[in-house]
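Geometric and topological summary
Chain residues, written in single-letter form:
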Amino acid sequence: MNAEAETQDAGEDLLFSVADGVATITLNRPERKNAFTFPMIEAWTEALQRCRTDAAIRVVVVTGAGSAFCSGGDIVEMGERLDQPPARRKEELYGRIQRIPLTLEDLDKPVIAALNGVATGAGLDLALMCDLRFAARSARFAETYVRVGLVPGAGGAHFLPRLVGTAKALELFFTGDFVDADEALRIGLVNGVHADADLMPAVAALARKIAKAPPLTLSLIKRAVYQGMRNDLRTNLDLISSHYAVVTATPEHREAVQAFIGGRDRT
C-alpha cells in the first residue's frame, strides 16, 4: 500500500507528497489545530518509514495545514481515556506516540519543520525532534503540559534542554508560557523566522538545495553530529575518520574534486 493510500486510511488527516527529492508531510486537521489522533500517529510513522527506505527521498519537510502546526494530543480523546490504568497509558505513549521520535532517530536524512502556526505540548515536542525548524512570524510556542497536569511525554524533556539549555527549558516547562517567533529565534528554538506568506517557499527552497547534496554525505554528517553529542572526543574523531574514508571513495566526491581542480566548481 502506498503512502497516498495510507493517508486516505487515516481520513486524510495526514497528507504526504514527494517532489524534487523532498517529501512533505502535512498534518491535516486544521479544524482542531492539527491535534493528533492515534490513526494520524500511525500514518505519520508509516510516512517516516517510507522516507527512510525510499532512495528518491533525500529531505523531509513537516508542516501543518491551516493556521496551526500542531496543538499536541486531542484533548477530547484524552478525556475519553481518563479511567484507563497506568500500564495502558504507558503503552499508548511508548508504543504509539513515541514511535515518532524513535523512527526519526533512525532516519538518516535531513528533516525540517516548517512551523506555520502555533505549536504546543506534544506538537512542539514533535517539532523539536526535527533537525531544523523555521517559523512563520505569527507562530507561537509553548510546553503546555503543566497546564493540564501532565509531564512532557513525547520527548520534549530530552530535546528542549539540548536546544535552549537546561534552565530555559525548565522555565518553559514549569510555566507553560508562550514564546513568539522572535523569542524562539533568540533562544535557539528555531533556526529562522519568515513572514507567514514566505515560510513555505523559503523552506521548500532550502529543502531542494539540501536535496542536491550527496545523500551519503548528508547521512554521515547527521550521524556524526547526533552520535557526537553522546560520545567523548576520541570516539568522535575515530568515528568521523571512518566516515571521511568512506565518502572520499564516492563518485560524488571524486567528481567534485576534479571539477574544482579543473575550474568547474558548480557552486
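Going by the structure above, here's the rest.
Residues numbered from 1 in each chain as written. Predicted model: local features only at pLDDT ≥ 70, side-chain atom pairs only at ≥ 80, totals over all residues. Heavy atoms only, no water.

1. Considerations on the pairing of strand E5 (residues 111-115)
For clarity, the threshold we go by: Burial classes: relative accessible area under 20% of the type maximum marks a residue as buried, over 50% as exposed, and values in between as partly exposed (1.4 Å probe, protein chains only). Helix and strand definitions here come from DSSP, where helices need a minimum of 4 consecutive H or I residues and strands a minimum of 2 consecutive E residues; each element is numbered from the N-terminal end. DSSP calls a pair of strands paired once it identifies at least 2 bridges connecting them.
A large share of E5 lies buried, amounting to five of its five residues. Here E5 shows two buried faces, one formed by Val111, Ala113 and Leu115 and the other by Ile112 and Ala114. As judged from the four bridges shared by strand E3 (residues 59-64) and E5, these two strands associate in the parallel manner. Directly across from valine 60, in E5, lies its bridge partner valine 111.

2. Notes on the pattern of salt bridges
Rules: A pairing counts as a salt bridge when a side-chain nitrogen of Lys or Arg comes within 4 Å of a carboxyl oxygen of Asp or Glu.
Under the defined criterion, the tally for this structure stands at twelve salt bridges. Put simply, lysine 168 and glutamate 183 hold a salt bridge, and the shortest N to O gap is 4.0 Å. Residue lysine 168 is found in helix H8 (residues 166-175), and its partner glutamate 183 is found in helix H9 (residues 181-187); the two are separated by 15 residues along the sequence. Salt bridges sharing common partners tie together Lys168, Glu171, Glu183 and Arg186.

3. Notes on the nonpolar core
The line we're drawing: Here, the term nonpolar core denotes a set of buried Ala, Val, Leu, Ile, Met, Phe, Trp, Tyr and Cys residues that are joined through side-chain atoms within 4.5 Å. We call two residues in contact when some of their heavy atoms are within 4.5 Å.
Among the nonpolar cores identified, the biggest contains 51 residues, and Ile25, Trp44, Phe141 and Leu189 are the most heavily contacted of them. Those residues in contact with leucine 189 that lie beyond four places of it in its chain are Leu128, Arg133, Phe141, Leu160, Val164, Val179 and Ala184. Grouped together as the second largest cluster of nonpolar side chains are 13 residues, Val59, Phe134, Ala136 and Leu199 included.

4. Observations regarding the packing of aromatic side chains
Operational definition: The pairing test for Phe, Tyr and Trp rings, Trp by its six-membered ring, is centres within 6.5 Å, and the orientation test on the planes gives stacked under 30 degrees, edge-to-face over 60, and tilted for anything in between. Should the NZ of a Lys or the CZ of an Arg lie within 6 Å of a ring centre and within 35 degrees of the ring normal, that charge is described as sitting over the ring.
All chains considered together, the criterion is met by zero aromatic pairs. The side chain of arginine 96 reaches across the aromatic face of phenylalanine 38, ending 4.0 Å from its centre.

5. A word on the environment of glutamate 46
Residue position: glutamate 46 is located in helix H2 (residues 38-53). Residue classification places glutamate 46 among the partly exposed positions, given a relative accessible area of 29%. A C-alpha to C-alpha distance of 14 Å links glutamate 46 and valine 62, two positions 16 residues apart in sequence.

6. Things to note about the packing of H2 against helix H4 (residues 86-97)
We apply this condition: Only C-alpha atoms enter the line fits that serve as axes; for helices the fit covers just the stretch in contact. Angles between N-to-C directions range over 0 to 180 degrees.
In the contact formed by H2 and H4, the axes pass within 10 Å of each other and the chain directions differ by 30°. Along its contact with H2, which presents Phe38, Ile41 and Glu42, the element H4 presents Glu92, Arg96 and Ile97.

Interpretation note: all reported values are geometric properties and have no functional meaning in isolation.
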